Amino acid sequence: MSQPEPPKIEFPCEYPVKILGRQCDHFETTIFEIVETHAPGFDRAQISRKVSREGTFCSLTVTITATGEPQLSAMHQALMDSGLVNMVI
C-alpha cells in the first residue's frame, strides 16, 4: 500500500495569483470584488498591474493568504465565471 503524497503547498501561505483578461473599464473593480469575497483583507498595495503593448489585455497579480485548495478552486471558478477573465495562473 502506497503512502499518500504530502500536499505540495502548506496552508495557510502567501499565494500570488495572476489574472489575465481583456482590458475594460470595470475589469479591475470586478476582479478586486471577487478576490475580496474569497480572500478578505488581501493587500491591495501589493497588486502588480500590466497592460499589453496594444492595450487589449490587462494582467493583475494579487497576493492572497491562501487557506486551502477549496478556497483557491472557488476563487478560480468565480474569476472564470465573471466573463472578464481569460486565464488564472
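See the structure above.
Everything numeric in this text was worked out from a predicted model, so none of it was measured.

**Observations concerning the overall build of the protein chain**
Then, number 1: Looking only at helices and strands, the protein chain has two helices and four strands in total.
Then, number 2: Taken along its principal axes, the extent of the C-alpha atoms in the protein chain is 55 × 25 × 20 Å.
Then, number 3: Burial statistics for the protein chain: of 89 residues in total, 29% are counted as buried.
Then, number 4: The contacts of the protein chain with a sequence gap of at least 6 include a subset with a gap of at least 24, amounting to 67%.
Then, number 5: Roughly 6,000 Å² of accessible area belongs to the protein chain as shown, and the carbon and sulfur atoms make up 53% of that amount.
Then, number 6: For the protein chain, the separation between the mean place of its 7 positive charges and that of its 11 negative charges on side chains is 10 Å.

Cut-offs used in this document
Residues numbered from 1 in each chain as written. Predicted model: local features only at pLDDT ≥ 70, side-chain atom pairs only at ≥ 80, totals over all residues. Heavy atoms only, no water. Helix = DSSP H or I, 4+ residues; strand = E, 2+ residues; numbered from the N terminus. Buried < 20%, exposed > 50% of the residue type's maximum accessible area, 1.4 Å probe, protein only. Contact = heavy atoms within 4.5 Å. Areas by Shrake-Rupley, 256 points an atom, 1.4 Å probe, with all protein chains shown as cover. Lys, Arg positive; Asp, Glu negative; His and termini not counted. Charge placed at Lys NZ, Arg CZ, Asp CG, Glu CD.

Nothing here speaks to function; it is geometry throughout.
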